[in-house]
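In case you want the letters, here they are:
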Amino acid sequence: MKFEIRRVRNGLVLKVDHDIESEEAEEIVYQESDGNEVEAFVDFLHFINEHYGPSTTRYSPKRIRITIEPGDKWKDIQPSENQTIR
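**A look at the overall build of the protein chain**
Of the regular secondary structure elements, the protein chain holds one helix and three strands. Put simply, the protein chain runs from its N terminus to its C terminus through helices and strands in the order β-β-β-α. A total of 86 residues make up the protein chain; the buried ones form 13% of that total. Of the roughly 7900 Å² that the protein chain leaves accessible, carbon and sulfur atoms contribute 47%.

Structure representation (structure tokens):
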């Protein structure tokens, strides 16, 4: 299997060539959009992980986790009692 990622005007295209003569290459699209760019990219990564990533379960010694979290310098984060913002 061969993977190729190319940048296009409004996102990315992942081309998956299955190395089988009878099967056409598959293209998966990530499209940037105003307001939910992060969520759209996470959906793209989830798709790749589910269809092409290693097979894992909750009981696996290692598994891939894709999450969204705030930046550590994002101004709206409130410090906990034991934490100070620098």
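Having seen the structure, we can now continue with the description.
**Some thoughts on helix H1 (residues 37-52)**
Between its terminal C-alpha atoms H1 stretches 22 Å, which fits the 22 Å expected from 16 residues at 1.5 Å a residue. Residues of H1 that are buried: Ala40, Val42 and Phe44.

**Looking at the confidence of the model for the protein chain**
On average, residues of the protein chain score 85 in pLDDT, and 87% of them reach the 70 mark or higher. Ranking the elements of the protein chain by mean pLDDT puts strand S3 (residues 26-31) last, at 90, and strand S1 (residues 2-8) first, at 93.

**Section: the pairing of strand S2 (residues 11-17)**
Most of S2 is tucked away: five of the seven residues are buried. Pairing of S1 with S2 involves seven bridges; the strand directions are antiparallel. Following the sheet pairing, Phe3 is matched in S2 by Val16. Remark: two residues form the turn of the hairpin made by S1 and S2, two consecutive strands paired antiparallel. In the sheet, S2 pairs with S3 via six bridges, with the strands oriented antiparallel. Across the sheet, Val16 pairs through a bridge with Glu26, a residue of S3.

What counts as what
- Residues numbered from 1 in each chain as written.
- Predicted model: local features only at pLDDT ≥ 70, side-chain atom pairs only at ≥ 80, totals over all residues.
- Heavy atoms only, no water.
- Helix = DSSP H or I, 4+ residues; strand = E, 2+ residues; numbered from the N terminus.
- Buried < 20%, exposed > 50% of the residue type's maximum accessible area, 1.4 Å probe, protein only.
- Areas by Shrake-Rupley, 256 points an atom, 1.4 Å probe, with all protein chains shown as cover.
- Expected span 1.5 Å × (residues − 1).
- pLDDT = per-residue confidence, 0-100.
- Pairing = 2+ DSSP bridges.

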